[in-house]
Amino acid sequence: MTVYDSSTSPSTLWNEGGVTVTGNLSCENENAYVYNGNNHTISVAGNLSLINNNDLVYNNGTVNVSGNIFMTNTSAEIINNDSLLCAGDFEMTAGGAFHNNDNGIASITGKTYIYNTNSRWMNDGHYTTGSFENKNCEQVFNNCYMTVLGEFYLGNKPGEDLGHCYFILDGGEDKSGAYVEANSFTFGKLADLWLGNKSF
């Protein structure tokens, strides 16, 4: 299924029931939107891809992706207010913004891979991933609870020179705290880890 805008107005998939996509779900061209309502479900048997400018997935229910999630444009955005489930990888290799809000629960079975200076990843809820890798991105903020079942890799690997990255951990004044629990942690090159208020 492709959500494809016209030349004069955005195109929107608005779900207040149940949507099952038997293949891939792609947002293409500018201003292609997917809205999932409270307590409703979108199931995608393949990949979820946000390909162009201003593509948006706004989730207030459950989005269940059996494949991978790809964000391939600087101004594409995913906002999760409830449950985002992905059986594959989550890749931000060409920019884009991801925000897991206060009540959001995001679960990525595979790898979370952030590699672009224009990407922005923020977690204010509960985020679980099989592994996590950040390189060349200075806008990665964990303000709540994060679990990495495998390796957490921050920075460039030996032989790489892909740019500087930050991982910022900050529980804030109005939160109970922020943490990252990982099976292993590797501190690579050109990387900074910032520990803010109520972080551990």
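Keep in mind that this is a model prediction, so the values were computed, not measured.

Counting buried positions over the five residues of strand β16 (residues 119-123) gives four, a clear majority of the element. Sheet topology note: the strand β14 (residues 96-100)/β16 ladder contains five bridges and is parallel. Looking at β16, one finds that Phe98 is bridged to Trp121. Pairing geometry for β16 and strand β18 (residues 140-142), over three bridges, is parallel. Across the sheet, Trp121 pairs through a bridge with Val140, a residue of β18.

Bringing the environment of Ala182 into the picture now. Along the chain, Ala182 falls in strand β21 (residues 179-187). Through-space distance from the C-alpha of Ala182 to that of Thr147 is 6.0 Å; in sequence the pair is 35 residues apart.

With that settled, consider the sheet that holds β14. Reading across from one edge, β2-β5-β8-β11-β14-β16-β18-β20-β22 is the order of the nine strands in this open sheet, with parallel pairing throughout. Of all the strands in the sheet, just β2 (11-15) and β22 (191-195) have a single pairing partner and so form its edges. On average, each strand axis in the sheet is inclined to that of its neighbour by 5 degrees, with strand direction left out of account. Bridge count for strand β20 (residues 165-169) against β22 is five bridges, and the pairing is parallel.

Let us look at the packing of aromatic side chains. According to the stated counting rule, one finds 16 aromatic pairs in the structure shown. Centre to centre, the rings of Tyr35 and Tyr58 are 6.0 Å apart; their planes meet at 45 degrees, and the pair counts as tilted. A residue pair is termed long-range when its members are at least 10 positions apart, and Tyr35 in strand β5 (residues 32-36) and Tyr58 in strand β8 (residues 56-59) qualify at 23 residues. Taken together, a centroid distance of 5.7 Å and an interplanar angle of 75 degrees make the contact between Phe185 and Phe187 edge-to-face. Among the residues examined, Phe185 registers a relative accessible area of 41% and is labelled partly exposed. An aromatic cluster is defined as three or more aromatic residues linked by ring pairs; in this entry it consists of Phe90, Phe98, Trp121, Tyr127, Phe132, Phe152, Phe167, Phe185 and Phe187.

Soluble globular proteins tend to pack their nonpolar side chains together in the buried interior. Within the largest apolar cluster, 41 residues are counted, with the highest numbers of intra-cluster contacts made by Ile78, Phe90, Phe98, Trp121, Phe132 and Phe167. Top element by residues in this core is strand β19 (residues 145-154). It accounts for four residues.

What counts as what
Residues numbered from 1 in each chain as written. Predicted model: local features only at pLDDT ≥ 70, side-chain atom pairs only at ≥ 80, totals over all residues. Heavy atoms only, no water. Buried < 20%, exposed > 50% of the residue type's maximum accessible area, 1.4 Å probe, protein only. Helix = DSSP H or I, 4+ residues; strand = E, 2+ residues; numbered from the N terminus. Pairing = 2+ DSSP bridges. Axes fitted to C-alpha atoms, helices over the stretch in contact; angles between N-to-C directions. Phe/Tyr/Trp six-rings, centres within 6.5 Å; stacked < 30°, edge-to-face > 60°. Core = buried A, V, L, I, M, F, W, Y, C linked by side-chain atoms within 4.5 Å.

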